[in-house]
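Summary of structural features
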Amino acid sequence: MSVPASERERAEVLRRSIEYHNDRYYRQDDPEIPDAEYDRLLRELQDLEARYPELRRADSPTQRVGAEPISSFDEVAHRLPMLSLANAFDEQELRDFDRRVREGLGIERVRYSAEPKLDGLAVSLLYEEGILTQAATRGDGHRGEDVTAQVRTIRDVPLRLRGSEGAEGWPSLLEVRGEVFLTYARFEAINEHARRSGGKVFANPRNAAAGSLRQLDPSITAARGLSMFCYGLGAVEGASWSDSHSGSLARIAHWGLPVSPEQRVVEGVEDCIGYHTAIGARRDQLDYAIDGVVFKVDRRADQERLGFVARAPRWAIAYKFPAQEELTTVEAVEFQVGRTGALTPVARLTPVQVGGVTVSNATLHNMDEIERKDVRVGDTVYVRRAGDVIPEVIRVLPERRPSGAEPVQLPSHCPVCQSDVLRAEGEAVARCTGGLFCPAQRKEAIKHFASRRAMDIEGLGDKLVSQLVDMGLVEDPADLYRLSLEQLTQLDRMGEKSAQNLLAALDTSRRTTLARFIYALGIREVGEATARALAEHFGDLDALMGAGAAELLAPAGIKGVGIKTAEALVSYLDAHPEEAPDPSQAAGRSVEALEQWLATRPIRGLKPDAARAIAERFERIEQLRGVSAGVLAATQGSPIEGVGPVVAAHIRAFFSQPHNREVIAKLRDPEIGAIDWEAPSDTAMVEPGRASGTLNGKTIVITGSLSLPRDEIKRRLEAQGAKVTGSVSKNTDLLIAGADPGGKLSRAQDLGIEVVGEDALDDLLAG
Ligand code: IVH
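These numbers were taken from a predicted model, which means no experiment stands behind them.

Quick notes on the nonpolar core
The biggest cluster of nonpolar side chains holds 58 residues, and the ones touching the most others in it are Ile 457, Leu 468, Leu 480 and Leu 534. In terms of residues, this core owes the most to one element, helix H17 (residues 514-520), which gives six residues. Excluding residues within four positions of it along the chain, Leu 468 makes contact with Leu 460, Leu 473, Val 474, Leu 480, Leu 483, Leu 488 and Leu 491. One finds Leu 182, Phe 202, Ala 208 and Val 259 within the second-largest nonpolar core, a separate group that totals 33 residues.

Given below as structure tokens:
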């Protein structure tokens, strides 16, 4: 029968394509197409060759096991070839296999060893006199790569066999074959590390295992934490041998070699199908990847009678599971907001069956990942789901990209609450800045607010916060202070007594310190120490809320910049609002670029050293713009500990969200018996209420600038028995207002609180 030209051409195309993908898979550990796609290509070629035997050639990929070993490792010849397995993709193909076996042996029912088919890479171990002397990869099946040093790092692999040589012990020479693999837990950890350090992210556990084993430096292999299960034997010398495969596995297990705990002996094809179904149902719970089960005729004598075909034994078959990687297209990319405000991009996919489950969403992790993989809407992508892991977009097939596919943009506003999104410099994760208000972050924000080191609301635990939010009683931290006894007693397991206790705890928490309050707001990167430094520095919340980059970053003034130079710089910046350093200059390092740019501007009196100091302090032109000449030239003060450009950006972003400001205003609303903080510092020198004097029990607030340092005024007022607090509430007795008093003065006037100025200060302090 002559072969039609079209079929001849198709076979040639398939051969070239399979060869290419073999190379990507075996040599580069970097496959381009999912396994299922590869299997289809190989299948198609096998079918063609079956129909037209004259198409079959010795160099066809169907005749081969893998690719040549890579050159950087020593070559090792296997004593017995390492073979491959024929596949069955459905029940009928398994039944056909069983029928061939029964016919070949002339028996009714066959006993099989049933084992999971591990998705890793085959390795052959050589034990001489019970000692591990060599380990090799499969390579082309005849010669592999010497990975002895690497395999020795695998904890599952014994370096010396248990027991001794002899009748019941191990043979003098023993070749053991098995699969080296990575657990999902290790795989995730390795990729997580790679993501953070900008290293190579692996497409799947098998590639990660192969990449980890083929490390010239075995210490890298060791750190990866590979595992191994043994599934068979190669050459054996100097001992009588078990007459069954299962018996062999039991023996090697007895000598300390790792064997899958899932291995069983089954009778007949129905039991094979039962085993396949049972393991398939538990596949997602295993911590390692399996892509099917292997059935092997158990009696060695029967195996020998059946023999081999070109690339595989006739006595074994791999019954595959549906693939866990498939191709589909990205229809959209949306952003989800997590409970800590992190925005996670999610790909909406054309639904596709992956491993028996419909997948229509997959995570893209973060913007760095999107940029690295260059995922665009409309792209054809390779998705994977495995175990309990969220489906993931692994890679794009650029050759299938439609024209006009747009890169994904990070939204500028939170999709949940519309607050600004901030992606701090050098960070992969973008976040919503509406922490106090955003519904996605509600529970976390309230839990943090109530926590012991923040507002310390006793009895308000995580479960209770969840309940309050779920029932719609609390939307933001300020709502806590509006809860009533009736509302609380409606809650699960909340008696009247505990409700009263909680109300009392809420009441107690109102009296706090500014530092705790700032910390309680949950501003990104503002921990307790930074909150304390901010409270210390600004003295009250309004000053902090109004602070620009200048006040947050540069309270110290710049060495070598006098007021004249500072004014010249500020007026230059004001006159040239569009100018900026060229980002491609100074190898993209922003500080150097800013320094060069400043040094080359016609600014009178600006010396190179001062340009450098300014660039180091502000780092970017945006941070420098808006800073007053006075601040630049100031000579007092010191930088706020813990506040650099990134923290300053978080603080400014937080306070510039109208919704956050509204929640803060609610918290301070005198009508609800506002939060009221003591002195700026947690370490007031005089405990409030302890001293006695003419101001005994009076609550005083100070605002504006006065002739004496605020700390001193406060100390002296406290010495008279006054309590000095940071904000005006209905409990305030007196406001001392200096120059530029700001919002506290109007609040005090609204509440009808007595206000005195600088001129009354002396009298007050003198008692
Ligand atoms: S037996 C002569 N058993 O699958 C039989 N192989 O597709 C040789 N594999 O190269 C293999 N788990 O890397 C066997 N329980 C198992 C297996 C297994 C995974 C791999 C092995 C082999 C490939 C064949």
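Quick word on the sheet that holds strand S9 (residues 264-267)
With mixed pairing, five strands are arranged side by side in an open sheet as S2-S11-S10-S3-S9. The strands lining the two open edges of the sheet, one partner per strand, are strand S2 (86-88) and S9. Averaged over neighbouring strand pairs, the angle between their axes works out to 35° when direction is ignored. Here five bridges tie strand S10 (residues 290-297) to strand S11 (residues 316-320), and the two strands are oriented antiparallel to one another. By the bridge assignment for S11, Lys 296 is matched with Ala 316. This element, helix H3 (residues 91-105), spans S2, strand S3 (111-118), S10 and S11 of the sheet and lies at about 170° to S11. Its contacts with the sheet place helix H9 (residues 268-282) against S3, S9, S10 and S11, and it is angled at close to 135° to S9.

Some words on the confidence of the model for the protein
Per-chain confidence: the protein averages 87 in pLDDT, with 92% of residues scoring 70 or above. pLDDT under 50 marks residues 64-70. Its contacts with residues more than four places away, or in other chains, come to 24 contacts. Under a pLDDT of 50 for its full length, residues 679-692 has, in the predicted model, 25 contacts with residues more than four places off or in other chains.

A short note on the site of the ligand
Neighbouring the ligand are 14 residues, the closest being Glu 115, Leu 118, Arg 138, Glu 179 and Lys 296. Taking Pro 116, its main chain carries an N or O atom lying 3.2 Å from a nitrogen atom of the ligand. Here Leu 118 contributes a backbone N or O atom positioned 3.1 Å from a nitrogen atom of the ligand. Expressed as a share of its isolated accessible area of 520 Å², the protein-covered part of the ligand is 88%. Of all the secondary-structure elements, those providing two or more residues to the shell around the ligand are S3 and S10.

Some details on the packing of helix H12 (residues 442-450) against helix H13 (residues 462-470)
With their axes 10 Å apart at the nearest point, H12 and H13 run at an angle of 135° to one another. Taken together, the axes of H12 and H13 lie oblique to each other. The way H12 lies across H13 gives a crossing that is right-handed. On the side of H12, the interface is formed by Arg 442, Lys 443, Ile 446 and Lys 447, while H13 contributes Asp 462, Val 465, Ser 466, Val 469 and Asp 470. A per-class count over the contact of H12 with H13 returns three nonpolar, one polar and five charged.

A look at the state of the cysteines
This structure, assessed with the given rule, holds zero disulfides. With no disulfide of its own, Cys 432 lies closest to Cys 417 among cysteine sulfurs, the gap being 3.6 Å. Cys 438 takes part in no disulfide bond, and the closest cysteine sulfur to it belongs to Cys 417, at a distance of 3.7 Å.

About the thresholds
- Residues numbered from 1 in each chain as written.
- Predicted model: local features only at pLDDT ≥ 70, side-chain atom pairs only at ≥ 80, totals over all residues.
- Heavy atoms only, no water.
- Core = buried A, V, L, I, M, F, W, Y, C linked by side-chain atoms within 4.5 Å.
- Buried < 20%, exposed > 50% of the residue type's maximum accessible area, 1.4 Å probe, protein only.
- Helix = DSSP H or I, 4+ residues; strand = E, 2+ residues; numbered from the N terminus.
- Contact = heavy atoms within 4.5 Å.
- Pairing = 2+ DSSP bridges.
- Axes fitted to C-alpha atoms, helices over the stretch in contact; angles between N-to-C directions.
- pLDDT = per-residue confidence, 0-100.
- Near = heavy atom within 4 Å.
- Polar contact = N/O pair within 3.5 Å; in protein donor to acceptor, adjacent residues only side chain to side chain.
- Areas by Shrake-Rupley, 256 points an atom, 1.4 Å probe, with all protein chains shown as cover.
- Parallel < 35°, antiparallel > 145°, perpendicular 65-115°, else oblique.
- Left-handed = near helix turned anticlockwise from the far one by under 90°.
- Nonpolar A, V, L, I, M, F, W, Y, C, P; charged D, E, K, R; others polar.
- Disulfide = S-S within 2.5 Å.

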